[in-house]
Amino acid sequence: MQIFGTIFFVGLDFSLFEKRGRGLPLLKKYSKMEKKTVFLSYDLGFKGDYPGLYTFLDKHEAKECGNGLAVFEFPISEDDFISELKNEIESVAHLEKSDRLYIIWRDETTGKVKGKFLQGNRTRAPWEGYAHVSSILEDVVQ
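Definitions and cut-offs
Residues numbered from 1 in each chain as written. Predicted model: local features only at pLDDT ≥ 70, side-chain atom pairs only at ≥ 80, totals over all residues. Heavy atoms only, no water. Core = buried A, V, L, I, M, F, W, Y, C linked by side-chain atoms within 4.5 Å. Buried < 20%, exposed > 50% of the residue type's maximum accessible area, 1.4 Å probe, protein only. Helix = DSSP H or I, 4+ residues; strand = E, 2+ residues; numbered from the N terminus. Contact = heavy atoms within 4.5 Å. Pairing = 2+ DSSP bridges.

Chemist: What am I meant to see in the nonpolar core here?
Modeler: For soluble globular proteins, the rule of thumb is that nonpolar side chains tend to be buried together. Residues Leu40, Leu85, Ile89, Leu101 and Ile103 are the most contacted members of the largest nonpolar core, which totals 21 residues. Those elements that provide at least two residues to this core are strand S3 (35-43), helix H2 (50-59), strand S5 (69-75), helix H3 (81-92) and strand S6 (100-106). With four residues, H3 is the largest single contributor of residues to this core. Leaving out residues up to four positions away in the same chain, leucine 85 has contacts with Val38, Phe56, Phe72, Phe74, Ile103 and Leu118.

What follows is the structure, given as structure tokens:
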């Protein structure tokens, strides 16, 4: 019997676990959970809780997609995954009223790509006014 480096589990049903390489086994119940691919656009300003948000993104193995944009898979267990997502982010990040979080995902029922603010609202676009659209007047003779 080896004492060091071995953990004894008494009465544990190992059929509930799934082997994941060298790491700890994962409960099958959670490993087969449906996942949704989500893009998260974030703007927390200068004083935002970036460490909290980055904790969430790192936990979900998010990929960086440019300044303020990440993509990750989010496990869903309810019909309202948006509330689940917002609650999980708020559990690790302190969000201020001025912070903005916008998600983009594909709706499985309609096949359409949708977007929604989890926090904050739309603001004036910084590119407004750059395109000089000339109005063409047309003379109409009656």
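Chemist: Sorry if this is basic, but what is going on with unusual backbone geometry here?
Modeler: Backbone geometry follows two general trends: most residues other than glycine have a negative phi, and most peptide bonds adopt the trans configuration. At glutamate 61, a position not held by glycine, the phi torsion is positive, near 50°. Positionally, glutamate 61 belongs in the loop between H2 and strand S4 (63-64).

Chemist: Sorry, what's going on with the pairing of S3 here?
Modeler: Sheet faces and side chains relate simply in a regular strand, where the side chains alternate between the two faces. Residue alternation in S3 divides its side chains into a buried set, Lys36, Val38, Leu40 and Tyr42, and an unburied set, Lys35, Thr37, Phe39, Ser41 and Asp43. As defined by bridge partners, S3 adjoins S5 across seven bridges and the pair is classed as antiparallel. Among the inter-strand pairings, phenylalanine 39 is bridged to a residue of S5, identified as valine 71. Where S3 lies against S6, five bridges are found, and the strand directions are antiparallel. Each bridged residue has a counterpart across the sheet, and for serine 41 the counterpart in S6 is tyrosine 102.

So far we have only geometry, and geometry alone does not tell us how the molecule works.
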